[in-house]
Amino acid sequence: MSDRIAFDHLLSNTTDGFFVIGYDGKIRMENTLAADILDLGDKSLYGKTLVELISDNKKNDEFYECIIDAVFKKEKIGRIVPFYKADKITNLRLVVSPLRDREDDIAAIVMFSDITELSELGSRNEFLTQKLVEFIDRFVKTMVRAIDERTPYNANHTRSMVSYAEKYLAYLDNEGRGIDNDKKGPFISSVWMHDIGKLLIPRRVMDKPTRLGDKEKDVRHRVEIAVLSERLRIAEKEAGFNILIEKAKASPGTEIALEETTAFRDSVYDKTESMERILRLEEALEFILDVNKRDFVDKETCEKIMEYADLQCLTLSGEYTALLDEYDRDALTVKKGTLTTEERNMMQSHVVKTYEMLKEMNLEGPYKDVPDWAGKHHELLDGTGYPKGIKGDDISWETRLLTILDIYDALTAEDRPYKPPLPVEKTFDILRDMAEKGKLDADILEDFIRSEAWK
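Let me sum up the structure you'll find in this document. (Residues numbered from 1 in each chain as written. Predicted model: local features only at pLDDT ≥ 70, side-chain atom pairs only at ≥ 80, totals over all residues. Heavy atoms only, no water.)

1. Quick notes on the environment of Leu232
Put simply, the rule is: Helical segments are the DSSP runs of H or I of at least four residues, strand segments are the runs of E of at least two, and each set is numbered from the N terminus. For each residue, the accessible area found with a 1.4 Å probe, counting protein chains only, is set against the maximum for its type, and the residue is called buried under 20%, exposed over 50%, and partly exposed in between.
Inspection of the secondary structure assignment puts Leu232 in helix 9 (residues 216-250). According to the relative accessible area criterion, Leu232 is partly exposed, its value standing at 40%. Taking the C-alpha atoms as reference points, Leu232 and Leu316, separated by 84 residues in sequence, lie 9.5 Å from one another.

Have a look at this one:
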């Protein structure tokens, strides 16, 4: 195939329309697609001038002005311009480049293609992205309202974290180290939704203020009934023996009968034993109620709880039952916090539920990582976090920041029903200790502290 045939074949089969225009304003060369894209039908462009083309189609000044500008300046210009046809508006990608013969610019090559479908697709994608953002915003507001109504302190926790996050991102922007704009919205959404899995956690677990929680009243009731039963038993026996004594007094041989009845009473009934049992139960209850409010218990306390646990409580039916059941013992001897092992596992499952709920939304585009960021906010860099114990590079920057925000607010929050707030400096000491142990990102932590976004 000769060079000329190959060149003609290339011109006729290219997917772009093009023509070559000399610096005298006349078109020197064209391909068949050029006239088709420009809606000229069978008319040839060859030999025409730009002035003629502009006169024939005054609606498309922007298209031709771009070409004139490039020809005049003898430089490459590329733009996307609208092109009006008889029945529709199209979008053309237009590139005008100088055409050189050795050292001299001899003409300009004009290449253009119809990208209307791509532009419409881009607009559609932009529209869908905006709708997705609006949907996520509505979802966030709905979830926060639900959390607020169910557990006000947790909603406050989320709002505080969002405030810290927004201030910290603004600080990074001011420092010239801001994250990409298309990540800011998704990250803030991950903060809003990091705890939505708690909607599925029973309130008796999530809001448990003491070790026994609602079961404190059962232990109190058990002791009260036992004490009442012991006192009734004392009263009944005393009443019964008093009757016998009165009868003995009225019978012949009163002194002997009275002496025998009193001796019999003393042999089968010991009031002191019942009173000691009452005092022991009251002592146990006082200790249990004190431990119930503690955040931490030591080995000695646990041993004492287990001693009291087997104290026998008299019921109204006359039977005996242990003072503490299995749950009571577990709850009161947990080393730290208010949750039993089973309850803690249930509580920790909220991050799995958060991930699953967000993953079910099929978030795409910039929001595709939101389930991952939110679902890993209890993972720690050394692998000691939960639920999967991942570590190091498997934990993203966004999740590392979210984790620090979460711990900071959890420690300083003033509205938690199960613990008092810590001072800011004490909180920073704890966070820095965790960073030194490799659990938190030290660089992000120190940057967050310097930002004062926590104020």
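2. Re the packing of helix 17 (residues 397-412) against helix 18 (residues 424-436)
Spelled out, the test is: Between N-to-C directions, angles cover 0 to 180 degrees, with each direction set by a line fitted to C-alpha atoms, over the stretch in contact for helices. When the near helix sits turned anticlockwise from the far one by under a right angle, the crossing is termed left-handed; a clockwise turn instead gives a right-handed crossing. Whether two residues are in contact is decided by their heavy atoms: any pair within 4.5 Å suffices. Note on residue classes: Ala, Val, Leu, Ile, Met, Phe, Trp, Tyr, Cys and Pro are nonpolar, Asp, Glu, Lys and Arg are charged, and everything else, Gly too, is polar.
Viewed as axis vectors pointing N to C, helix 17 and helix 18 meet at an angle of 140 degrees, and their least axial separation amounts to 10 Å. Two packed elements cross with a definite hand, and for helix 17 against helix 18 that hand is right-handed. Every residue of helix 18 that contacts helix 17 at Ile407, Tyr408, Leu411 and Thr412 is listed here: Val424, Thr427, Phe428, Ile430, Leu431 and Met434. For the contact of helix 17 with helix 18, the residue count by class is 8 nonpolar, 2 polar and no charged.

3. Observations concerning the pairing of strand 1 (residues 17-22)
Rule in force here: For two strands to count as paired, DSSP must find a minimum of two bridges between them.
When you tally the buried positions in strand 1, you get 6 out of 6 residues, the bulk of the element. Burial of the side chains of strand 1 extends over both faces: Gly17, Phe19 and Ile21 are buried on one face and Phe18, Val20 and Gly22 on the other. Direction of pairing for strand 1 relative to strand 2 (residues 27-30): antiparallel, over a ladder of 3 bridges. The residue bridging Ile21 from the neighbouring strand is Ile27, located in strand 2.

4. Examining the side chain of Asn31
Short version of the rule: Definition of a polar contact: a pair of N or O atoms within 3.5 Å, with one able to donate and the other able to accept a hydrogen when the atoms are protein atoms, and with sequence-neighbouring residues admitted only if both atoms are side-chain atoms.
Looking at the element boundaries, Asn31 is found in the loop between strand 2 and helix 2 (32-37). Only 3.1 Å separates the side chain of Asn31 from the backbone nitrogen of Ala34, close enough to count as a polar contact.

5. A closer look at empty space enclosed by the protein
Defined as follows: Here a cavity denotes a set of grid points, spaced 1 Å apart and computed over the protein atoms alone, in which a 1.4 Å probe fits but from which it cannot get out, and a pocket denotes an open set meeting protein on both sides within 12 Å along at least five of seven lines; residues with an atom within 4 Å of a point are reported as lining. Grid points are joined across faces, edges and corners, and a volume is the space filled by probe spheres set on the points.
Under the definition given, this model contains 2 cavities of 30 Å³ or more. By volume, the largest cavity is sized at about 40 Å³. Tallied by class, the residues present in the lining of the largest cavity amount to 4 nonpolar, 1 polar and 4 charged.

6. Considerations on unusual backbone geometry
Cis peptide bonds are those with omega within 30 degrees of zero, and the linkage from Tyr386 to Pro387 qualifies with 15 degrees. Within the secondary structure, Pro387 sits in the loop between helix 16 (370-375) and helix 17. In this model, Asn362 sits at a positive phi of 55 degrees, which is unusual for a non-glycine residue. Among the structural elements, Asn362 can be located in the loop between helix 15 (350-359) and helix 16.

7. Remarks on a nonpolar patch on the surface
To be explicit about the condition: Two joining distances apply to patches: 9 Å for like charges and 5 Å for nonpolar side chains (Val, Leu, Ile, Met, Phe, Trp, Tyr), and every residue must have over 30% relative accessible area and no salt bridge. Here the accessible surface of atoms and residues is derived via Shrake-Rupley with a 1.4 Å probe, and residues count as covered only by protein chains that are part of the display. The term salt bridge refers to a side-chain nitrogen of Lys or Arg lying within 4 Å of a carboxyl oxygen of Asp or Glu.
Residues Leu228, Leu232 and Leu316 make up a contiguous nonpolar surface patch of roughly 290 Å² in combined accessible area. In this structure, Leu228 sits in helix 9.

8. Observations concerning the packing of helix 18 against helix 19 (residues 442-451)
The description of two helices packed together rests on the angle between their axes and the distance between the axes. Spelled out, the test is: The labels follow the angle: roughly parallel below 35 degrees, roughly antiparallel above 145, roughly perpendicular from 65 to 115, and oblique for the rest.
Contact geometry for helix 18 and helix 19: axes closest at 9 Å, N-to-C directions at 160 degrees. One finds that helix 18 runs roughly antiparallel with respect to helix 19. Judged by the twist between their axes, the crossing of helix 18 over helix 19 is left-handed. Mapping the contact onto sequence places Phe428, Leu431, Arg432 and Ala435 in helix 18 and Ala442, Leu445, Glu446 and Ile449 in helix 19.

9. A look at the packing of aromatic side chains
Our working definition: Only centres within 6.5 Å qualify two rings of Phe, Tyr or Trp (six-membered ring in Trp) as a pair; their planes then separate them into stacked at under 30 degrees, edge-to-face at over 60, and tilted for everything else. Whether a charge sits over a ring depends on NZ of Lys or CZ of Arg being within 6 Å of the ring centre and within 35 degrees of the ring normal.
Scanning the model with the defined rule gives 14 aromatic pairs in all. On the numbers, 6.3 Å between centres and 45 degrees between planes, the contact of Phe187 with Trp397 is tilted. Highlighted residues: Phe187 in helix 7 (residues 181-192) and Trp397 in helix 17, separated in sequence by 210 residues. The interplanar angle of 25 degrees and the centroid separation of 5.8 Å between the aromatic rings of Tyr408 and Phe428 together place this pair among those described as stacked. On the criterion of sequence distance, the pair formed by Tyr408 in helix 17 and Phe428 in helix 18 is long-range, its members being 20 residues apart. Phe428 shares its class with Tyr408; the two are buried. Members of the aromatic cluster, connected to one another through ring pairs, are Tyr164, Tyr168, Tyr171, Tyr408, Phe428, Phe448 and Trp454. Cation over ring: Lys74 sits above Tyr23, and NZ or CZ is 4.9 Å from the ring centre. We note Lys304 situated over the ring of Phe287; from NZ or CZ to the ring centre the distance is 4.6 Å.

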